[in-house]
Amino acid sequence: MIRGASPERVRDALDAGTPFFGTSGFAGELPDGRLVRDVLGRETLYVDGDEWDVSPDALADPSPFPAGHVETPTGSERCWSLPEPPVASKSNALDNLETALGDTLSALDDGTPVAFSGGVDSAVVASAVDAPLYVAGFPDSQDREAARDGARRMGREGALREVRIDAGTLEAAVPKVARATGRTNPMDVAIAAPLYVVAERVAADGFERMALGQGVDEAFGGYEKVASAPSDSRVDATTVRGARTELLATLPEQLERDLRAIRGAGVEAVTPLLHDRVVDAALRLPEALLVDARGERKVGFRRAARAFVPDCIAFREKKAVQYGSLVARELDRLAREAGFKRREGNHVQRYVASRL
């Protein structure tokens, strides 16, 4: 009844209070009837009274079961939290991370297609499989250009499959994405739309699963607000490592959006870079391997990535998917063309709601 790991492993970890025991997440019901969900929310779980399901669509009035919790007779209580392992030296931290990445990637099914943007995260995942690499975006988008360049540098030109997004494609995808994710705010729709379009193509090509590089920015200090801690008002932490851990705790909400979008298109998501071993290695990185003195982010991950991808990809800077695909820009344009004016506020969200 557990999705993502065996019930026995989850039960043993729960009884021992062990936070990391070698899975890529789990959620569901133990043999004794208790519901559980891993601390990073890598599998979705919803409840409605005495009923539960991994999909909200199967329930009349679903509520997300909180990540890191176990069901109790009176509700739920936290049973797992992110640990604070000792900080390793730079050399040991990098060796540990490279080993964790290698072991995790070697377990990935060789025929699993990859959502590939040409950036370091998805390229590391793509290095482990002999399968198609999918990128979606408008014709002049950075993501499609970077994917072409990345595939060429990795000797994978023949594996790249470009999924063209145009105004009509995006307009048709908007209500599907909003329904699949249960969200209408512009940022979530703009992030989920390229994933949904790619997943539709992956499903149409006959695949049931798709691998993604999700979670690296959160685990390895990829956000500007982490790099500028503690002066950035968007985080409460007073250190870069603390800000990274704060952002890592936001993963359950973000993963819910991405997993629901991909599942709504008929495909299951695989997130190898969020395996326990990789996250554990990330938590042991010293601050200088998250953000260095020059402000470079994801330092440790980029250095470890050199074992799997060319240096030019390992150190490539790339826009977030909503901007790299140009979906955010074109979503704004669609809203204005539909008569929703910026000056009236929330024009994109009102447009999305109108399409439902």
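Residues numbered from 1 in each chain as written. Predicted model: local features only at pLDDT ≥ 70, side-chain atom pairs only at ≥ 80, totals over all residues. Heavy atoms only, no water.

## What to know about helix 5 (residues 167–181)
Thought 1: The terminal C-alpha atoms of helix 5, which comprises 15 residues, lie 21 Å apart, in line with the 21 Å expected from a rise of 1.5 Å per residue.
Thought 2: By the largest-angle criterion, A173 marks the main kink of helix 5, which is about 30°, and a proline, P175, follows within four residues.
Thought 3: Inspection of helix 5 places L170, A173, V174, P175, V177, A178, A180 and T181 among the buried residues, and these make up the whole buried set.
Thought 4: Taken together, the buried residues of helix 5 touch helix 6 (186–204), helix 10 (251–264), helix 15 (327–337) and helix 16 (347–354). (Helix = DSSP H or I, 4+ residues; strand = E, 2+ residues; numbered from the N terminus. Expected span 1.5 Å × (residues − 1). Bend = angle between axes of the 7 residues up to and from the residue. Buried < 20%, exposed > 50% of the residue type's maximum accessible area, 1.4 Å probe, protein only. Contact = heavy atoms within 4.5 Å.)

## Some points on the sheet that holds strand 6 (residues 63–64)
Thought 1: Taking strand neighbours across the sheet as the criterion, the 3 strands line up as 5-4-6 in an open arrangement whose pairing is antiparallel. Of all strands in the sheet, those with a lone pairing partner are strand 5 (51–53) and strand 6, marking the two edges.
Thought 2: Of the strand pairs in this sheet, strand 4 (residues 46–48) and strand 6 are connected by 2 bridges, and their pairing is antiparallel. If you follow Y46 over to strand 6, its bridge partner there is P64. (Pairing = 2+ DSSP bridges.)

## Comments concerning the pattern of salt bridges
Thought 1: Scanning the entire structure with this criterion turns up 37 salt bridges.
Thought 2: Between E268 and R3 there is a salt bridge, with the nearest N and O atoms lying 2.6 Å from each other. Here the residue E268 occupies a position in strand 13 (residues 268–270), and R3 occupies one in strand 1 (residues 2–3), the gap between them amounting to 265 residues.
Thought 3: Taken together, the shared-partner salt bridges connect R183, D188, E256, R257, D258 and R260 into one network. (Salt bridge = Lys/Arg side-chain N within 4 Å of Asp/Glu carboxyl O.)

## Points about the packing of helix 6 against helix 15
Thought 1: Orientation of helix 6 relative to helix 15, taken along the N-to-C sense of each, is 120°, at an axis distance of 9 Å. In terms of orientation, helix 6 lies oblique with respect to helix 15. As helix 6 packs across helix 15, the resulting crossing turns out to be right-handed. Where helix 6 approaches helix 15, its residues P186, V189, A190, A193 and P194 are matched on the opposing element by V327, A328 and L331.
Thought 2: Residues of the contact of helix 6 with helix 15, tallied by class, amount to 8 nonpolar, no polar and no charged. (Axes fitted to C-alpha atoms, helices over the stretch in contact; angles between N-to-C directions. Parallel < 35°, antiparallel > 145°, perpendicular 65-115°, else oblique. Left-handed = near helix turned anticlockwise from the far one by under 90°. Nonpolar A, V, L, I, M, F, W, Y, C, P; charged D, E, K, R; others polar.)

## Focus on the packing of aromatic side chains
Thought 1: What the rule picks out here adds up to 3 aromatic pairs.
Thought 2: Geometrically, the ring pair formed by F26 and W80 is edge-to-face, given 5.2 Å between the ring centres and 75° between the ring planes. Pair noted here: F26 is in the loop between helix 1 (7–16) and strand 2 (27–29) and W80 is in the loop between strand 8 (75–78) and helix 2 (90–106), with a separation of 54 residues, a long-range link.
Thought 3: According to the relative accessible area criterion, W80 is buried, its value standing at 4%.
Thought 4: Consider the rings of F340 and Y351, whose centres lie 6.2 Å apart with planes at 65°: the pair is edge-to-face. Of this pair, F340 sits in the loop between helix 15 and helix 16 while Y351 sits in helix 16, and the two are 11 residues apart along the sequence.
Thought 5: For F340, a relative accessible area of 17% gives the class buried.
Thought 6: A cation sits over an aromatic face here: K225 above Y223, 5.8 Å from the ring centre. (Phe/Tyr/Trp six-rings, centres within 6.5 Å; stacked < 30°, edge-to-face > 60°. Lys NZ or Arg CZ within 6 Å of the ring centre and 35° of its normal.)

## Focus: unusual backbone geometry
Thought 1: Put simply, A229 and P230 share a cis peptide bond, and its omega is 10°.
Thought 2: Mapped onto the elements of the fold, P230 is located in the loop between helix 8 (224–227) and helix 9 (240–248).
Thought 3: Phi at L326 takes a positive value of approximately 70°, unusual for a residue other than glycine.
Thought 4: With respect to the element layout, L326 can be found in the loop between helix 14 (321–324) and helix 15.

## Some words on the nonpolar core
Note that soluble globular proteins tend to have their nonpolar side chains buried in a common cluster.
Thought 1: Membership of the largest hydrophobic core comes to 72 residues, with the highest contact counts inside it found for V10, V36, F116 and F220.
Thought 2: In terms of residue count, the dominant contributor to this core is helix 2 (6 residues).
Thought 3: Excluding anything up to four places from it in sequence, V36 contacts I2, V10, L14, F26, A27, G28, L30, L45, F65, H69, V70 and W80.
Thought 4: L170, A199, L212 and V327 belong to the second largest nonpolar core, which has 36 residues in total. (Core = buried A, V, L, I, M, F, W, Y, C linked by side-chain atoms within 4.5 Å.)

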